[in-house]
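Architecture at a glance
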Amino acid sequence: MKKKKLIAVLLSAAMVAGMMAGCSSGGGDEKKAEGDKKSSGSGKVYYLNFKPEQADQWVDLAKKYTDETGVQVDVQTAASGTYESQLKSEMAKEEAPTLFQVNGPVGLATWKDYCYDLSGSDVYKDVQSDDYVLKEGDEVKGIAYVIETYGIIYNKALLNKYFELPDAEIKSIDDLNNFAALKKVADGIQAHKDDLGVEGAFTSAGMDSSSDWRFKTHLANLPIYYEYKDEGITSTDAIKGTYLPNYKDIWDLYLADATCEPNMISSKTGDDAASEFALGEAVFYQNGTWAYNDIKDNEVADEDLGMLPIYIGVKGEEDQGLCTGSENYWCVNKNASEEDIQATLDFMKWVVESDEGRDALANEMGFVTPFTTFDEYLPSNPLVKANDEYTKAGKTPVSWNFTTMPSENWKNDVGSALLEYAQGTGEWDAVKTAFVDGWAKEYKAANE
């Protein structure tokens, strides 16, 4: 009896122990899962985004990540033209960005002491080549997350209407492959704007901060590109300004054949230009692949969207392609806590490896990325396809050399001189002075 009782007690104890072990095992897994989640969730991410045109998509993507992982991801987007000043302001705060951007070598020179070495990160392992990273020695300081293209976006339907005019000097897109041809077409459209139902050949060249970068930075890239090409260099401490007459020619064309008078551009914005093109009020619009989200689903069908190279009248430009490169390099703030750094690295990996992240970048934001993980995620953006056509035709892409511009102040001075020239309150010589003398001055100030 005592023996039976003892066995019963032992069995009962074993069952209780087993039940407790079972609970402990389940609880342990649960706690481990919670611990893992907490471990990745103990840090947080603060991303200061450079691109206002994708602000909403980044907020949505951050929310998806937070819902999936429990990790807090805050996204703030700087207003157009204010990123550098906002980054300086945010970096001075206790809750500074853990993920931020620089625009290339010049931007890196300012922020390199804040940049965590990404050479051991999963995102770096996913990059196609070192052509898309910023290095200092063996350290990877920045990684490009989008490769973009810009040129002169055009409305195929309206352009074809012009080609059909009896007095059209250019009759097909194949012949529109140099500055002389572009001027003939733009002048012809402007002369027949009522017949074509447009306000002008080009959208307004707005010179407020939401738009002036298209001309003081992106358009200014062309004379820099051709000078660098002549000199066999990739940067300089003193620009010569060899192709500034060509810069003047294309700027004059934008002003003369536009939807508004030149003296009105100080009040025109980036939204104005996008709207004018999207509503079919202009045939040409200098901008890039990122502008697709602003102009789609309006009066211009996707199949009517094309993009021309920016021709400025340089010998051999018939073989020129579109302007392709990146000024969007992710950098991780090395002064953030270890937990926040790890949380940021985890978020970046998820963005470039998960289905949700890749779909958002490729399809919602319309990005072409430099990551090997995007092979099956090709964007449907017709402006990206336009670039592919030039590449397949053997045209030479124009590299993004504006990332070597010596400072933001240099750009602003060039922009101010362009505006004064357009309004008739300044001479072209002031643009030359800002471009050439300003370059040497700003380069020296930045490298003292």
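Reading the values: rules and limits
- Residues numbered from 1 in each chain as written.
- Predicted model: local features only at pLDDT ≥ 70, side-chain atom pairs only at ≥ 80, totals over all residues.
- Heavy atoms only, no water.
- Phe/Tyr/Trp six-rings, centres within 6.5 Å; stacked < 30°, edge-to-face > 60°.
- Helix = DSSP H or I, 4+ residues; strand = E, 2+ residues; numbered from the N terminus.
- Buried < 20%, exposed > 50% of the residue type's maximum accessible area, 1.4 Å probe, protein only.
- Contact = heavy atoms within 4.5 Å.
- Polar contact = N/O pair within 3.5 Å; in protein donor to acceptor, adjacent residues only side chain to side chain.
- Expected span 1.5 Å × (residues − 1).

**With respect to the packing of aromatic side chains**
Per the stated rule, a full pass over the model turns up 32 aromatic pairs. An angle of 50 degrees between the planes, with centres 6.3 Å apart, marks the rings of Tyr 150 and Phe 402 as tilted. Of the two residues, Tyr 150 sits in strand β6 (residues 148-155) while Phe 402 sits in the loop between β12 (396-399) and α17 (408-423), which places them 252 residues apart along the sequence. With respect to burial, Tyr 150 and Phe 402 carry one shared label: buried. Centroid distance Tyr 247 to Phe 435: 5.7 Å. Interplanar angle 65 degrees. Geometry classified as edge-to-face. One end of the pair, Tyr 247, is in helix α11 (residues 244-256); the other, Phe 435, is in helix α18 (residues 428-446), with 188 residues separating them in the sequence. For Tyr 247, a relative accessible area of 1% puts it in the buried group. Taking the relative accessible area as the measure of exposure, Phe 435 reaches 1% and is therefore buried. Through a chain of ring-to-ring contacts, the aromatic side chains of Tyr 47, Trp 58, Tyr 145, Trp 330, Phe 367, Phe 371, Phe 374 and Tyr 377 assemble into a single cluster.

**Looking at helix α12 (residues 270-278)**
Restricting attention to buried positions, one finds in α12 the residues Gly 270, Ala 273, Ala 274, Glu 276, Phe 277 and Ala 278. Those residues of α12 that are buried lie in contact with β6, α9 (213-219), β8 (282-288), α13 (292-295) and β9 (305-308). Its side-chain oxygen at 3.3 Å from the backbone nitrogen of Asp 271, Thr 269 defines the N-terminal cap of α12. In the stretch just after α12, Gly 280 is the one whose phi turns positive, near 75 degrees.

**Focus on α17**
Compared with the 22 Å implied by 1.5 Å per residue over 16 residues, the 23 Å span of α17 between its first and last C-alpha is a close match. Every buried residue belonging to α17 is among Trp 410, Lys 411, Val 414, Gly 415, Ala 417, Leu 418, Leu 419, Tyr 421 and Ala 422, and all of these are buried. Buried residues along α17 sit against α9, α10 (221-231), α11 and α18. Its side-chain oxygen 3.3 Å from the backbone nitrogen of Asn 409, Ser 407 forms the N-cap of α17.

By themselves, these figures tell us nothing about what the structure is for.
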